[in-house]
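# What the coordinates show
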Amino acid sequence: MITTDEIERRVEKVDAEKSARRTAAAREVGELAHRRSTLVEQLADIERRLGTIIAAAADVIGTDELAEFTDVPAADLTSWMTAGKPRARRGRPPGSRRPKPETQPGTSSTPAPAEPRPGPTPAGVRPSVVQGERR
């Protein structure tokens, strides 16, 4: 028969192997995620700089011509150039909304009372008619 000490030793061995694999996986994922984050920041900075340069040179060279000279697709050049521009606001400018129309005489400005909603039925009491229920 196996001793409790031997059982503990076997469990610890399996746990140690699993723990080492978990640690290695977590370490590698953490390092790669950090590296990716750094690269994303660098790429965003490069794209902002490209957009600034393209926009500044727009008076002397168009995106089609720039694409022809650089073999960079015009769509990419355009997206870099427009990415840094602020987007137009949507909706109406403040203060341009029309006031609500006044109520006409003889009409009430208060809403009609809501229809009562069925609530919980007290224990032992069964409503006589329940909508949608079949007997």
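Keep in mind it's a predicted model, so treat the numbers as computed, not measured. (Residues numbered from 1 in each chain as written. Predicted model: local features only at pLDDT ≥ 70, side-chain atom pairs only at ≥ 80, totals over all residues. Heavy atoms only, no water.)

### Topic: the overall build of the protein chain
The helix and strand tally for the protein chain stands at three helices and zero strands. Going residue by residue from the N terminus, the α and β elements of the protein chain occur as α-α-α. Counting only residues that meet the buried cut, the protein chain has 7% of its 135 residues in that class. Of the roughly 13200 Å² that the protein chain leaves accessible, carbon and sulfur atoms contribute 55%. (Helix = DSSP H or I, 4+ residues; strand = E, 2+ residues; numbered from the N terminus. Buried < 20%, exposed > 50% of the residue type's maximum accessible area, 1.4 Å probe, protein only. Areas by Shrake-Rupley, 256 points an atom, 1.4 Å probe, with all protein chains shown as cover.)

### Observations regarding helix α3 (residues 74-83)
Within the span of α3, buried status applies to Leu77, Trp80 and Met81. Taken around the axis of α3, the buried residues stretch over an arc of 95°, which confines them to a single face. In α3, the exposed positions angled more than 90 degrees off the buried face are occupied by Ala75 and Ala83. Elements that come into contact with the buried residues of α3 comprise α1 (4-56) and α2 (63-70). (Arc of directions from axis to C-beta. Contact = heavy atoms within 4.5 Å.)

### Details of unusual backbone geometry
For Asp71, which is not glycine, the phi dihedral falls at a positive 60°. Secondary-structure assignment places Asp71 in the loop between α2 and α3.

### Things to note about the nonpolar core
In this structure, Ile54, Ile61, Leu66, Ala67, Leu77, Trp80 and Met81 together form the largest nonpolar core, which totals seven residues. For this core, the elements supplying multiple residues, two or more each, are α2 and α3. Here the element with the most residues in this core is α3; it accounts for three residues. The residues contacting Trp80, other than those within four sequence positions of it, are Glu47, Leu50, Gly51, Ile54 and Val72. (Core = buried A, V, L, I, M, F, W, Y, C linked by side-chain atoms within 4.5 Å.)

### Describing a nonpolar patch on the surface
Together, Ile2, Ile7 and Val11 give the surface a local cluster of nonpolar side chains, amounting to about 240 Å² of exposed area. Relative to the helices and strands, Val11 is located in helix α1. (Patch = residues over 30% accessible without salt bridge, like charges linked within 9 Å, V, L, I, M, F, W, Y side chains within 5 Å. Salt bridge = Lys/Arg side-chain N within 4 Å of Asp/Glu carboxyl O.)

### Remarks on the pattern of salt bridges
Under the counting rule described, the total for this entry stands at four salt bridges. Residues Arg9 and Glu6 are paired through a salt bridge, measuring 2.6 Å at the closest nitrogen-oxygen approach. Of the two residues, Arg9 and Glu6 both sit in helix α1, three residues apart, roughly one turn of that helix. Relative accessible area serves as the criterion here: at 45%, Arg9 is assigned to the partly exposed category. Relative accessible area serves as the criterion here: at 23%, Glu6 is assigned to the partly exposed category. Across the salt bridge formed by Glu6 and Arg10, the nearest N and O atoms sit 3.1 Å from each other.

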